[in-house]
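Each chain, written out:
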Amino acid sequence: MRCGVDFGTTRTTVAVVDRGNYPVVSFHDDLDDTFDYIPSVMALDGDHPVFGFRAVRLAEEGAPHLHSFKR
C-alpha cells in the first residue's frame, strides 16, 4: 500500500493511493468519534509512549507530553 503522511504542527493526516484516488484515512478517538486527522501529540502512560487522541487525554490529566513538534 502506498500512502502519504502530512506531519503537521498540531495534526497529522494520512492519505492512501487507491486506483488514482487519494482518500484520507480516518482515525477514531476514545469515544469512537471519527476524524480525518490524528493529533500530533505524544504522552507517557507510565513508561509507555502513546500518541494521538489518547495522548491528548493523558496530557489533559497531567501526564508528561510533547506537542507542536515543528515549532
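Residues numbered from 1 in each chain as written. Predicted model: local features only at pLDDT ≥ 70, side-chain atom pairs only at ≥ 80, totals over all residues. Heavy atoms only, no water.

1. Quick word on the packing of aromatic side chains
In the structure shown here, the tally under the stated rule is 3 aromatic pairs. Pairing phenylalanine 35 with tyrosine 37 gives two aromatic rings, centres 5.5 Å apart and planes at 65°, and the pair type is edge-to-face. Note on tyrosine 37: relative accessible area 15%, which makes it buried. On the basis of an interplanar angle of 35° and a centroid distance of 4.9 Å, the ring pair of phenylalanine 35 and phenylalanine 53 is categorised as tilted. Placement of phenylalanine 35 in strand S4 (residues 34-35) and of phenylalanine 53 in helix H1 (residues 53-60) is noted, with a sequence separation of 18 residues between them. Classification of phenylalanine 53 as buried rests on a relative accessible area of 14%. Three or more aromatic residues joined by ring pairs form one cluster here, namely Phe35, Tyr37 and Phe53. Note that arginine 11 overlies the ring of tyrosine 37, its terminal NZ or CZ placed 3.9 Å from the centroid. (Phe/Tyr/Trp six-rings, centres within 6.5 Å; stacked < 30°, edge-to-face > 60°. Buried < 20%, exposed > 50% of the residue type's maximum accessible area, 1.4 Å probe, protein only. Helix = DSSP H or I, 4+ residues; strand = E, 2+ residues; numbered from the N terminus. Lys NZ or Arg CZ within 6 Å of the ring centre and 35° of its normal.)

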